[in-house]
Amino acid sequence: MSREEALLHFLARAGRAGWTRRALAGDASARRYERISGDTGSLILMDADPATCGPVQPFLAIREHLYHYGFSAPALWAEDQEAGFLLLEDFGDALFTRVMADDPARELPLYRSAAALLARLHDKPLPGGLTPMTTEALAAMIAPAFDFYAPGQAGQLPAVQAAFAEALRPVAAQPAVLALRDFHAENMVFLSDRKGDRQVGLLDFQDAFATHPAYDLVSMLQDVRRDVSPGTEEEIIAFFIARTGADSATFRAAYALLGAQRNLRILGIFSRLATTRHKPQYLALQPRVWRHLQADLAHPALAPIREALTPLPSPVVPA
């Protein structure tokens with residue numbers, strides 16, 4: 001049976017045979033998404049072939065955790081875990097990115113709602129099965145930068161990883177929280193019919209792990225796909241610190257460290273997508289990622305990392 005035939009059988013079993021199907025823009029993974037529509041409304045079909053995408057169980061586990069605690073993760077209508085098909089609640093098209101493009105004045109209140117969501121999420125117990133990120137694991141995650149972005153500097157990787165591991169020790173000593181990991185404006189939907197932080201519809205959280213509370217905040221505020229105004233970034237950091245009672249100096253150091261770790265990794269991932277997945281459009285995003293990295297490296301806590309990264313070249317975007 002072909003993949004398409006299996007999908008049609010899944011839809012028939014779910015009572016959605018013959019529904020209209022429309023492809024939606026995907027993400028950097030091999031997952032495919034469609035909006036299917038019928039007389040009773042619309043749903044989102046996730047097509048995640050286990051052979052190329054891995055199991056859907058991590059997505060379902062995090063979805064259940066979020067849903068259980070009252071966060072706006074999509075409701076699950078049907079599933080075939082073995083085949084990698086899911087039918088999910090359709091949150092609509094009001095992605096934060098689009099809402100803010102239409103009305104820039106919405107940036108601050110939308111990000112404030114998302115930061116409030118993070119603060120509430122971090123008060124909840126961790127779901128089972130998550131392994132907290134050690135300093136060594138976080139340091140190891142920067143390897144793509146030297147494998148794909150700057151392979152000519154590959155000899156520097158051990159020194160950079162050692163500098164990261166040492167600098168991250170105070171960060172890893174903090175109690176870990178659930179980090180959704182790809183927490184940014186294109187993975188959040190504004191749900192106008194809900195209240196409070198439930199107005200933030202959550203997407204794409206299957207890669208969640210346990211780490212410091214700053215991880216998702218820096219993912220959101222140092223967005224690789226859109227420019228967040230400096231005033232908004234600073235105000236939301238201050239809002240989050242006040243909401244959670246974190247020590248400002250300690251939190252800001254962790255924010256810069258995790259930002260540098262994340263942005264360095266992204267430089268490598270985007271180069272890998274361009275070279276191995278034939279997605280050169282990701283190279284156009286690298287200058288923004290580089291600017292975020294430089295801003296993070298300016299923090300005093302990152303002086304040893306900044307020194308170890310000195311030979312790293314700035315990105316060159318093909319004409």
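Let us look at the structure shown here. Bear in mind that the values here come from a model prediction, so they are computed numbers and not experimental data. (Residues numbered from 1 in each chain as written. Predicted model: local features only at pLDDT ≥ 70, side-chain atom pairs only at ≥ 80, totals over all residues. Heavy atoms only, no water.)

**Focus: the overall build of the chain**
Counting its regular elements, the chain contains 14 helices and nine strands. Its C-alpha radius of gyration of 20 Å places the chain within 12% of the 20 Å reference for a compact globule of 319 residues. Buried residues in the chain amount to 50% of all 319 residues. Put simply, the chain shows about 14200 Å² of open surface, and 54% of that area lies on carbon and sulfur atoms. (Helix = DSSP H or I, 4+ residues; strand = E, 2+ residues; numbered from the N terminus. Rg over C-alpha atoms; globule rule 2.2 N^0.38 Å. Buried < 20%, exposed > 50% of the residue type's maximum accessible area, 1.4 Å probe, protein only. Areas by Shrake-Rupley, 256 points an atom, 1.4 Å probe, with all protein chains shown as cover.)

**Brief notes about the pattern of salt bridges**
Applying the stated criterion across every chain yields a total of 22 salt bridges. Here Arg13 and Asp80 are joined by a salt bridge, their closest N and O atoms 3.0 Å apart. Residue Arg13 is located in helix α1 (residues 3–13), and its partner Asp80 is located in strand β4 (residues 76–80); the two are separated by 67 residues in the primary sequence. The partner of Arg120 in a salt bridge is Asp197, with the nearest N and O atoms 2.8 Å apart. With Arg120 in helix α5 (residues 107–121) and Asp197 in the loop between β7 (188–190) and β8 (200–202), this residue pair connects regions lying 77 residues apart in the sequence. Judged by relative accessible area, which is 13%, Asp197 ranks as buried. (Salt bridge = Lys/Arg side-chain N within 4 Å of Asp/Glu carboxyl O.)

**Thoughts on the sheet that holds strand β3 (residues 41–47)**
Reading across the sheet, the five strands line up as β1-β2-β3-β5-β4 and stay open at both edges, with antiparallel pairing between neighbours. Every interior strand has two partners, whereas the edge strands, β1 (20–24) and β4, have only one. Sheet twist, expressed as the mean angle between neighbouring strand axes with direction ignored, is 25°. The strands that α1 touches are β1, β2 (32–38), β3, β4 and β5 (85–89); relative to β5, the one it contacts most, it runs at about 45°. Along the sheet, helix α3 (residues 57–68) contacts β3, β4 and β5; its crossing angle with β5, the most-contacted strand, is approximately 25°. (Pairing = 2+ DSSP bridges. Axes fitted to C-alpha atoms, helices over the stretch in contact; angles between N-to-C directions. Contact = heavy atoms within 4.5 Å.)

**Let's talk about the side chain of Ser219**
Relative to the helices and strands, Ser219 resides in helix α10 (residues 214–221). By relative accessible area, which is 1% here, Ser219 ends up buried. Among the polar contacts made by the side chain of Ser219, one reaches the side chain of Arg262 at a distance of 2.9 Å. Not counting chain neighbours up to four residues away, the residues in contact with Ser219 comprise Arg181, Asp182, Phe183, His184 and Arg262. (Polar contact = N/O pair within 3.5 Å; in protein donor to acceptor, adjacent residues only side chain to side chain.)

**A look at the pairing of β3**
Of all seven residues in β3, five are buried; the element is thus mostly enclosed. In this sheet, β3 lies alongside β2 in antiparallel orientation, the contact comprising seven bridges. Its bridge partner being in β3, Glu34 is matched across the sheet by Leu45. Hairpin connection, β2 to β3: the antiparallel pair is bridged by two residues. Bridge count for β3 against β5 is five bridges, and the pairing is antiparallel. When the sheet's bridge partners are listed, Leu45 is paired in β5 with Leu87.

**Considerations on the environment of Ala167**
Tracing the backbone shows Ala167 in helix α8 (residues 157–167). When the C-alpha atoms of Ala167 and Met220 are compared, they prove to be 22 Å apart, with 53 residues separating the residues in sequence. In this structure, Ala167 is in contact with Leu257, Ala301 and Ile305, ignoring residues within four places of it in sequence.

**Thoughts on the layout of surface pockets**
What the second largest pocket holds in volume is close to 320 Å³. Taken together, 16 residues form the lining of the second largest pocket, with Gln174, Pro213, Thr244, Ala246 and Phe251 sitting closest to its centre. Residue assignment for the lining of the second largest pocket shows that the elements contributing at least two residues are α5, α11 (230–244) and α12 (248–276). In terms of residue count, the dominant contributor to the lining of the second largest pocket is α11 (three residues). When its residues are assigned to classes, the lining of the second largest pocket shows seven nonpolar, five polar and four charged. (1 Å grid on protein atoms, 1.4 Å probe; cavity = no way out; pocket = protein on both sides within 12 Å on 5 of 7 lines; lining within 4 Å. Points joined across faces, edges and corners; volume = space filled by probe spheres on them. Nonpolar A, V, L, I, M, F, W, Y, C, P; charged D, E, K, R; others polar.)

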